[in-house]
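Inside the fold
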Amino acid sequence: MTDATVSLRRNATVAPVRRRIFGSFVEHLGRCVYDGLYEPTHPTANEDGFRMDVVELVRELGSSTIRYPGGNFVSGYRWEDGVGPRENRPRRLDLAWHSLETNEVGVDEFARWCALTGSELMMAVNLGTRGVDAALDLLEYTNHPSDTYLSDLRAKNGSPEPYDIRMWCLGNEMDGPWQVGHMSAHDYGKLAGRTASAMKMVDPDLELVVCGSSGSAMPTFGDWERIVLEHSYESVDFISCHAYYQERGGDLGSFLASSLDMEYFIATVVSTADHVKHKLRSDKTVNLSFDEWNIWYLDEHRESGEIKEGWPYAPRLLEDVYSVADAVVLGNLLITLLKNSDRVTSASLAQLVNVIAPIMTEPGGDVWRQTTFYPFATTSRLAQGVVLRPEIDSPTYTTKVHGEAALVDSVATFDASDGTGAVFLVNRDTEQARTVRIDVSELGATSIREALTLADDDVYAKNTLQDQNRVTLHPNETASVSEGFVTVTLPPVSWTAVAFA
Ligand code: AHR
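Residues numbered from 1 in each chain as written. Predicted model: local features only at pLDDT ≥ 70, side-chain atom pairs only at ≥ 80, totals over all residues. Heavy atoms only, no water.

1. Overview of the overall build of the chain
Definition in use: Put simply, DSSP H or I for four residues or longer makes a helix, DSSP E for two residues or longer makes a strand, and each gets a number counted from the N terminus. Each residue's exposure class comes from its accessible area (1.4 Å probe, protein chains only) as a fraction of the maximum for that residue type: buried when under 20%, exposed when over 50%, partly exposed otherwise. The contact definition used throughout considers only heavy atoms, calling two residues in contact when any of these lie within 4.5 Å. The method behind every accessible area is Shrake-Rupley, applied with a 1.4 Å probe, and residues are considered shielded solely by the protein chains displayed. The convention is simple: Lys and Arg are positive, Asp and Glu are negative, and His and the chain ends are not counted. The location of each charge is read from NZ of Lys, CZ of Arg, CG of Asp or CD of Glu.
For the chain, the count of helices and strands is eleven helices and 26 strands. The principal-axis extents of the C-alpha atoms in the chain amount to approximately 70 × 60 × 45 Å. The buried share of the chain, taken over its 501 residues, is 62%. Here the contacts in the chain between residues at least 6 apart in sequence split such that 77% fall between residues at least 24 apart. Put simply, the chain shows about 18,500 Å² of open surface, and 50% of that area lies on carbon and sulfur atoms. Averaged over its 43 positive side-chain charges, the chain has a centre that lies 3 Å from the centre of its 72 negative ones.

2. Quick word on the site of the ligand
The line we're drawing: Here a residue counts as near a molecule or strand whenever at least one of its heavy atoms sits within 4 Å of it. Under this definition, polar contacts are N or O atom pairs within 3.5 Å; protein pairs additionally need one hydrogen-donor-capable and one acceptor-capable atom, and for neighbouring residues in sequence, both atoms have to be side-chain atoms. Any residue outside Ala, Val, Leu, Ile, Met, Phe, Trp, Tyr, Cys, Pro, Asp, Glu, Lys and Arg is labelled polar, Gly included; the first ten of those are nonpolar and the last four are charged.
Every residue close to the ligand is listed here: Phe 25, Glu 27, Gly 71, Asn 72, Trp 97, Asn 172, Glu 173, Tyr 244, Glu 292, Trp 296, Gln 351 and Ile 356. Side-chain polar atom of Glu 27 to an oxygen atom of the ligand: 2.6 Å apart, as the coordinates give it. If the ligand stood free it would expose 280 Å²; the protein chains cover 95% of that surface. Its residues assigned to classes, the shell around the ligand shows five nonpolar, four polar and three charged.

3. Considering the domain arrangement of the chain
Inclusion rule: An automatic or database domain assignment provides the domain bounds reported here. Between Lys or Arg on one side and Asp or Glu on the other, a salt bridge is scored when a side-chain nitrogen of the former is within 4 Å of a carboxyl oxygen of the latter.
As assigned here, the chain comprises domain 1 (4-9 + 387-500) and domain 2 (18-382). Taking only C-alpha atoms, the centre of domain 1 and the centre of domain 2 are 29 Å apart. Taken together, the contact between domain 1 and domain 2 spans 43 residues of the former and 37 residues of the latter. The tally of links between domain 1 and domain 2 comes to two salt bridges. One salt bridge in this structure joins Glu 450 and Arg 381, with 2.9 Å as the shortest N-O distance. The interface formed by domain 1 and domain 2 contains 17 residue pairs in polar contact (both at pLDDT 80 or more). Elements represented by at least two residues in the side of domain 1 that touches domain 2 include exactly strand 17 (396-399), strand 18 (403-406), strand 19 (408-415), strand 20 (420-427), strand 22 (448-454) and strand 26 (494-500). Of the residues belonging to the side of domain 1 that touches domain 2, the class tally is 23 nonpolar, eleven polar and nine charged.

4. Here we look at the pairing of strand 22
Test applied: When DSSP finds at least two bridges between two strands, those strands are taken to pair.
Of the pairings in the sheet, the one linking strand 22 to strand 26 comprises six bridges and is antiparallel in character. From the neighbouring strand, Leu 452 faces strand 26, where its bridge partner is Ala 497.

5. Topic: the packing of aromatic side chains
Convention followed: Two rings from Phe, Tyr or Trp (for Trp, the six-membered ring) form a pair when their centres sit within 6.5 Å of each other. Planes less than 30 degrees apart are called stacked, planes more than 60 degrees apart edge-to-face, and all others tilted. Working rule: Lys NZ or Arg CZ, within 6 Å of ring centre, within 35 degrees of ring normal, means a charge sits over the ring.
Enumeration over the complete set of coordinates arrives at 16 aromatic pairs. With a centroid separation of 6.5 Å and 25° between ring planes, the pair formed by Phe 424 and Trp 495 is classed as stacked. Of this pair, Phe 424 sits in strand 20 while Trp 495 sits in strand 26, and the two are 71 residues apart along the sequence. In terms of burial, Phe 424 and Trp 495 fall into one category: buried. In textbook terms, an aromatic cluster arises when at least three aromatic residues are bridged by ring pairs, as seen for Tyr 34, Tyr 38, Phe 50, Tyr 68, Phe 110, Trp 113 and Tyr 313. Lying across the ring of Phe 25, Arg 67 places its NZ or CZ 4.6 Å from the centre.

6. Comments concerning helix 6 (residues 223-232)
Listed in full, the buried residues belonging to helix 6 are Trp 224, Glu 225, Ile 227, Val 228, Leu 229 and Ser 232. Those residues of helix 6 that are buried are in contact with helix 5 (185-202), strand 9 (207-210), strand 10 (238-245) and helix 8 (259-279).

7. Side note on a nonpolar patch on the surface
Heads up, the condition is: Nonpolar side chains (Val, Leu, Ile, Met, Phe, Trp, Tyr) are joined into patches within 5 Å and like charges within 9 Å, using only residues with over 30% relative accessible area and no salt bridge.
Together, Leu 93, Leu 95 and Trp 311 make up an exposed nonpolar region whose accessible area comes to about 300 Å². Mapped onto the elements of the fold, Leu 95 is located in the loop between strand 5 (92-94) and strand 6 (99-101). According to the relative accessible area criterion, Leu 95 is exposed, its value standing at 54%.

8. Observations regarding the sheet that holds strand 4 (residues 65-68)
Just so we agree on the cut-off: Helix axes use the C-alpha atoms of the stretch in contact, all axes being lines fitted to C-alpha atoms, and the angles between their N-to-C directions lie in the range 0 to 180 degrees.
Taken together, eight strands build a closed barrel; the order of strands is 3-4-7-8-9-10-11-12 and the barrel is parallel. Between one strand axis and the next, the sheet turns by 30° as a mean value, whatever way the strands run. In this structure, strand 11 (residues 287-295) lies alongside strand 12 (residues 344-350), joined through four bridges in parallel fashion. Across the sheet, the residue bridging to Ser 289 is Ser 346, located in strand 12.

9. Concerning the environment of Ala 350
Tracing the sequence through the fold places Ala 350 in strand 12. Using a relative accessible area of 0% as the deciding quantity, one classes Ala 350 as buried. Residues Ala 350 and Ile 438, spaced 88 residues apart in sequence, show a C-alpha to C-alpha distance of 32 Å. Ala 350 has contacts with Phe 25, Tyr 244, Glu 292, Trp 293, Asn 294 and Ile 356, leaving out every residue within four places of it along the chain.

10. Overview of the nonpolar core
To keep it simple, the criterion reads: Residues grouped as a nonpolar core are buried Ala, Val, Leu, Ile, Met, Phe, Trp, Tyr and Cys residues, joined through side-chain atoms within 4.5 Å.
Counting residues in each nonpolar core, the largest one holds 133 residues, and the members touching the most others are Val 26, Trp 113, Trp 168, Leu 170, Tyr 188, Phe 290 and Trp 293. Of all the elements, helix 10 (residues 324-339) adds the most residues to this core, at eleven residues. Counting only domains with at least three residues in this core, you end up with domain 1 (4-9 + 387-500) and domain 2 (18-382). Residue contacts for Phe 290: discarding those within four places in its chain leaves Cys 241, His 242, Ala 243, Met 262, Phe 265, Ile 266, Leu 337, Val 344, Ser 346, Ala 347 and Ser 348. Membership of the second largest hydrophobic core comes to 21 residues, among which are Val 6, Leu 425, Ala 479 and Phe 500.

11. As for the sheet that holds strand 24 (residues 480-482)
Across the sheet, which stays open at both edges, the five strands sit in the order 16-1-21-25-24 with mixed pairing between neighbours. The strands lining the two open edges of the sheet, one partner per strand, are strand 16 (391-393) and strand 24. Across the sheet, the mean angle separating the axes of adjacent strands is 20° when strand polarity is ignored.

See the structure below:
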């Protein structure tokens, strides 16, 4: 019996699969950098102090662009502190996370780390305590080939070749009262516009991201985007979106439908950006950089008081341990980003290691995959060619937070060059398995390459240091293809990928 149908039409193309959708985020926060990707005394550490076991898992995760060094951290950061001989680097107070910043890792080390992981560095500049001058200096240091003070300094510090960083974030969440240097939309829009214009005088091809709202629940949401873009539209290329989700009050049904909020968020920011475009009679389109998205049990962190008095080095902050349900929601959010990749052309899972992360480490010890690692890594690996918008016919259920939601959600990708494709699906039903019939007749699919499902009898099962492989992917033996239709059964609260040829 079929519960839902998905039709894939060859010409229902959303956009090419953009690798930048699979970006991630590394912030100087808690144990993300220090005691995470950097641990010089670890047995696998390289000459820079980076753990190579972490590098290997980052490669397996398949993250593309990596946003750095914050986040809230960047709004008080002096990039110059992190270059030159390590023994001369100053120790500073990090106001964002009430921690000690030793500056052992700076832009040069991080650029080398990105090269090790095969990822693209996306740099954020400090528009909280600093401005145009510091942004231009950092740009000259990282991107100018040679024969200037700062490019020669980079060479002296061991990197004669420029890093040629293409994407730059103009500050971080400047709408948030928690942000160091928090500003009004008008003040920030003017500063971002001036910074962007100056950076483009150095290199007109830079891709610049202006800060949108830190969340769709902010009281200034909508107006913030409009005002900021009115001041900066012609000099920027992206506007950022940030969204975090969590299960609240035991309402699993609403949590599983979190992607509906992401859809609403994207639609609102697209309309606002296009409103400004038309108001300014501009030819150019500003796209969305969804450069922070994830599951984050923020309410629990607020209550736990984990940010303590004092200024600790690499404290354990925001170390969420993710469940099967969390991984299903994350897989669904990634489906949503792909569905909207005509306008969301870059995204960053926040974050990468230890801090609300798919990868966890123990100092001196192991590295392991959280549940959320699996849908991300598998989607990044299998999504090739173009994104196809499926027509989905699914039963629905009623959620307290998002109204009516489909029980089955899905997106597909197809690579016409070799006739391979993949369908990514979630079943939000908490009780029943759902069988889905997928019309692949226009894609000429005749065989299943692989079918993988993440599910568990206990939707709150997690991977931990003691039990690192409690939750993994399992082959879905129900997947079959016949006469132009793929059929697959999705267990309750599950995420599935079916790759066909
Ligand atoms: O990712 C954690 C924090 O969430 C970031 O520092 C900030 O930008 C956001 O509020």
